[in-house]
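Now for the letters of each chain:
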Amino acid sequence: EMVEWELTGWKRTLAELAGKDIPDPVKITKTEAGMLDSLGLLGLQSFNDNKNKAVEETAARYGDANGKDPHPGQAAFNDDHADAFRHAYLNALTARDQGQAWATDYWTAHERVPGNDPAREAMDLHNNEVGRRIAAENPGASDEELADLVEKAVANGEMVVIDKNGDLAPSNAITPDQAGHPDPADQPLPGHPQEKQTS
């Protein structure tokens, strides 16, 4: 079930008084919304900061001189090595700051949206898991250390990307300019429930 989530109530009031950026309303799964509501104000700030860091670091490491996608397609930095990096890095940051179980539950729920392409969902779930593993294996790692480890995992083929045929391929089996997108004829997934790992 999809819902529109936004920061409300006392958390919004405190964030406004503190001069913090208020995230725009976003359409997410009901599970994601409940999990965001469970975070305190500092947790929400950390979560939002990490989302921004992942986008910025992806552009810095995989973008052209202007930080733009050098291989544009259906969406910027989508289905390729940059996409794999962004998902894994964001999961590593989330696991480090919100915990492994919370990160697993949240980012798995994030991929359960109705209409998600099967290859794209499989790619994201795999790369998310690699990011969380990297965080678990490197407790206390800084943002930059995690980013370097994730980039190395992309280069080593620990991640998966989508090739020109719309199939998953190890991230070291093709170059970024050989990446493709899912076949539009693939049957989209209906969305499905997930068993939470947290109590």
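Provided above is the structure to which this section pertains.
A brief structural summary. (Residues numbered from 1 in each chain as written. Predicted model: local features only at pLDDT ≥ 70, side-chain atom pairs only at ≥ 80, totals over all residues. Heavy atoms only, no water.)

1. Considering the packing of aromatic side chains
Applying the stated criterion to the full structure yields seven aromatic pairs. Seen from their ring centres, Phe47 and Trp107 are 5.8 Å apart, and the 20° between their planes marks the pair as stacked. Remark: Trp107 occurs in helix H5 (residues 100–110) and Phe47 occurs in helix H3 (residues 41–62); sequence separation between them is 60 residues. Here a set of aromatic residues connected by ring pairs shows up, and it is made of Phe47, Trp102, Tyr106 and Trp107. (Phe/Tyr/Trp six-rings, centres within 6.5 Å; stacked < 30°, edge-to-face > 60°. Helix = DSSP H or I, 4+ residues; strand = E, 2+ residues; numbered from the N terminus.)

2. A few points about the packing of helix H4 (residues 81–98) against helix H7 (residues 143–156)
In the contact formed by H4 and H7, the axes pass within 9 Å of each other and the chain directions differ by 140°. Here H4 is positioned oblique relative to H7, judged by the angle of their axes. At the point where H4 passes H7, the crossing takes the right-handed sense. Here H4 contributes His81, Phe85, Ala88, Tyr89, Ala92, Leu93 and Arg96 to the contact with H7, which in turn contributes Asp143, Leu146, Ala147, Val150, Glu151 and Val154. Looking at the contact of H4 with H7 residue by residue, the classes come out as nine nonpolar, one polar and three charged. (Axes fitted to C-alpha atoms, helices over the stretch in contact; angles between N-to-C directions. Parallel < 35°, antiparallel > 145°, perpendicular 65-115°, else oblique. Left-handed = near helix turned anticlockwise from the far one by under 90°. Contact = heavy atoms within 4.5 Å. Nonpolar A, V, L, I, M, F, W, Y, C, P; charged D, E, K, R; others polar.)

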